[in-house]
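# Commentary on secondary and tertiary structure
Spelled out from the first residue to the last, the chains are:
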Amino acid sequence: MNMNVVLIPSIINTPNLPLSYSDVRSVFTRKERFIQLQKTIESVKKKIPNNYIVVVECTDLNKEETEYLSFNIDLLVNVYKNEEAREIIYSPSKSYGEGTMTLLGLKSLLRRKIEWKNLFKITGRYWLGQEFNFEKYNNSHNVIKCIDDDKKNLYTCFYKLNKIAVVRWYYYLTKQDEEFKKNTNFEIIFGKFIDKIHENKRFINRLGILGNVATSGELVQG
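Presented here is an overview of the structure given in this document. This structure is a prediction, so every number in the text was calculated from the model and none was measured.

Among the secondary structure elements, Gln 36 is positioned in helix α1 (residues 30-47). Here Gln 36 falls in the buried class, since its relative accessible area comes to 12%.

Shown next as structure tokens:
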């Protein structure tokens with residue numbers, strides 16, 4: 001069976017450290033963020049068939065969190081004990097943190113001998129809403145959404161890539177240290193990557209997702 005991998009980067013317990021653009025990293029408590037992550041996972045289970053859920057976490061998990069994840073996902077990549085990665089993820093650069101979590105999640109996935117054809121990435125605490133239509137993604141296309149109609153500035157809270165593109169995305173990320181250190185927006189880095197792909201691209205206007213912005217709590221729809 002060809003599975004649909006769903007990659008979910010998450011930080012349940014955010015550090016009390018500023019981001020480059022905000023003194024507040026998250027307005028939500030650890031408990032609230034855990035509940036939000038559960039909502040992400042449950043929406044994926046409901047709306048994406050043949051799913052293989054990978055959570056990339058950077059938290060020293062407690063018993064309740066550990067037990068929930070052990071029963072409800074397929075692969076947990078907890079990078080909390082990786083001091084170098086944790087320092088980057090907790091740094092002021094959101095781009096460097098998200099890039100590192102994506103890279104480590106893909107690295108762990110690609111080492112596994114499982115059959116899959118597509119990868120969906122959804123940011124932890126976002127969820128698939130009623131407007132999400134799996135049939136828009138049930139194909140070999142790389143499905144993405146532009147920010148303000150700019151094809152070099154793309155949403156990274158949710159996208160779908162086919163397996164060939166995922167491998168290319170992994171290797172592309174391994175070469176982006178200079179951009180990360182310059183604090184280039186991850187949306188721009190992803191946009192530059194997608195711009196290099198000349199086949200199987202599909203831009204859509206509605207992703208069908210919802211989520212709360214961590215720094216403000218604002219509900220957004222994409």
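For the rest of this paragraph, the subject is unusual backbone geometry. Unlike most non-glycine residues, Asn 50 shows phi in positive territory, near 50 degrees. Turning to its location among the elements, Asn 50 is positioned in the loop between α1 and β2 (51-57). Here Arg 125, not a glycine, exhibits a phi torsion of approximately 90 degrees, which is positive. Looking at the secondary structure, you find Arg 125 in the loop between β4 (116-122) and β5 (127-128).

Here we come to the nonpolar core. Most often, soluble globular proteins keep nonpolar side chains buried together rather than apart. Trp 169 and Phe 190 are the most contacted members of the largest nonpolar core, which has 40 residues in total. Ranked by residue count, the leading element in this core is helix α5 (residues 163-173), at six residues. Discounting chain neighbours no more than four positions away, the residues touching Phe 190 are Ile 144, Leu 154, Tyr 155, Thr 156, Tyr 159, Leu 161 and Trp 169.

Rules and cut-offs
Residues numbered from 1 in each chain as written. Predicted model: local features only at pLDDT ≥ 70, side-chain atom pairs only at ≥ 80, totals over all residues. Heavy atoms only, no water. Helix = DSSP H or I, 4+ residues; strand = E, 2+ residues; numbered from the N terminus. Buried < 20%, exposed > 50% of the residue type's maximum accessible area, 1.4 Å probe, protein only. Core = buried A, V, L, I, M, F, W, Y, C linked by side-chain atoms within 4.5 Å. Contact = heavy atoms within 4.5 Å.

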